[in-house]
Amino acid sequence: MNLWHRINPITKRGINCIIEIPSGSTKKYELDKFSGKFILSRATFPILKYNYGFIPRTLAEDNDPLDVLVLGKKRSRGSIVECKVIALLKMQDEKSWDNKILAVPINDMDLDYIKNVKDVPKSVLIDIKGFFRHYKDKYNKKTKVFKWLPCSKALLEIRKSMNNYGKLKNVL
């Protein structure tokens, strides 16, 4: 089953997130958009402290599903996590926008206090920005990390990416 195509992005309480890289991993996996399988991209990926994945049925400006970071406990690759949207990190990766959605699992009582980006510990926001500022240094690729934007901007980015996916789906 191809999780990108088969899972609804929107739930009654938030969004569905598909985990590609569990927190603490040093292996970068990406979803193959055609087969739906997770493919090892590189094994020298810096350690990511947060779950990383995508929102299904979205297509971001970089022609990949819209990226999402999910705070909280470690999740398994391929797991579907229902989350609430918290913020948007504006960034560029090489030549295109490569924005990231920040989300928290709806059923994680330890993170229930996080309602918006102001509730996220500053150290976490700084750590995430630092990670994306330097995660491609060893490949001599540059990224530009801008700022955190509120949930309302993140929701607009998700809607835009869902619309882009809808246009793509009409072509497939």
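First, a word on scope: everything that follows refers to the structure included in this document.

**Thoughts on the nonpolar core**
Point 1. Core analysis: the biggest nonpolar cluster contains 24 residues, and Leu71, Leu102, Ile128 and Phe132 have the highest contact counts within it.
Point 2. Counting residues per element, the ones that place at least two in this core are strand S6 (80-93), strand S8 (100-105), helix H2 (122-134) and strand S9 (143-150).
Point 3. Ranked by residue count, the leading element in this core is H2, at five residues.
Point 4. In contact with phenylalanine 132, other than residues within four places in its own chain, are Tyr52, Leu69, Leu89, Met91, Lys100, Thr143 and Val145.
Point 5. The next biggest cluster of nonpolar side chains, apart from the first, holds 18 residues, and it includes Ile55, Val70, Ala154 and Ile158.

**Points about unusual backbone geometry**
Trans is the prevailing form of peptide bonds, just as negative phi is the prevailing case for residues other than glycine.
Point 1. Phi angles above zero are rare outside glycine, and arginine 57 is one such case at about 55 degrees.
Point 2. Along the chain, the position of arginine 57 falls in the loop between strand S4 (51-54) and strand S5 (67-70).
Point 3. For asparagine 63, which is not glycine, the phi dihedral falls at a positive 65 degrees.
Point 4. Along the chain, asparagine 63 falls in the loop between S4 and S5.
Point 5. By relative accessible area, asparagine 63 is classed as partly exposed at 49%.

**Quick notes on the packing of aromatic side chains**
Point 1. Evaluation of the coordinates by the stated rule reveals six aromatic pairs.
Point 2. Chaining the aromatic ring pairs together yields one cluster made of Tyr52, Phe131, Phe132 and Tyr135.
Point 3. Positioned above the aromatic ring of tyrosine 29, the side-chain terminus of arginine 77 is 3.6 Å from the ring centre.
Point 4. Here the guanidinium or amino end of lysine 90 rests over the ring plane of tryptophan 97, the centre of that ring lying 4.2 Å away.

Criteria and thresholds
Residues numbered from 1 in each chain as written. Predicted model: local features only at pLDDT ≥ 70, side-chain atom pairs only at ≥ 80, totals over all residues. Heavy atoms only, no water. Core = buried A, V, L, I, M, F, W, Y, C linked by side-chain atoms within 4.5 Å. Buried < 20%, exposed > 50% of the residue type's maximum accessible area, 1.4 Å probe, protein only. Helix = DSSP H or I, 4+ residues; strand = E, 2+ residues; numbered from the N terminus. Contact = heavy atoms within 4.5 Å. Phe/Tyr/Trp six-rings, centres within 6.5 Å; stacked < 30°, edge-to-face > 60°. Lys NZ or Arg CZ within 6 Å of the ring centre and 35° of its normal.

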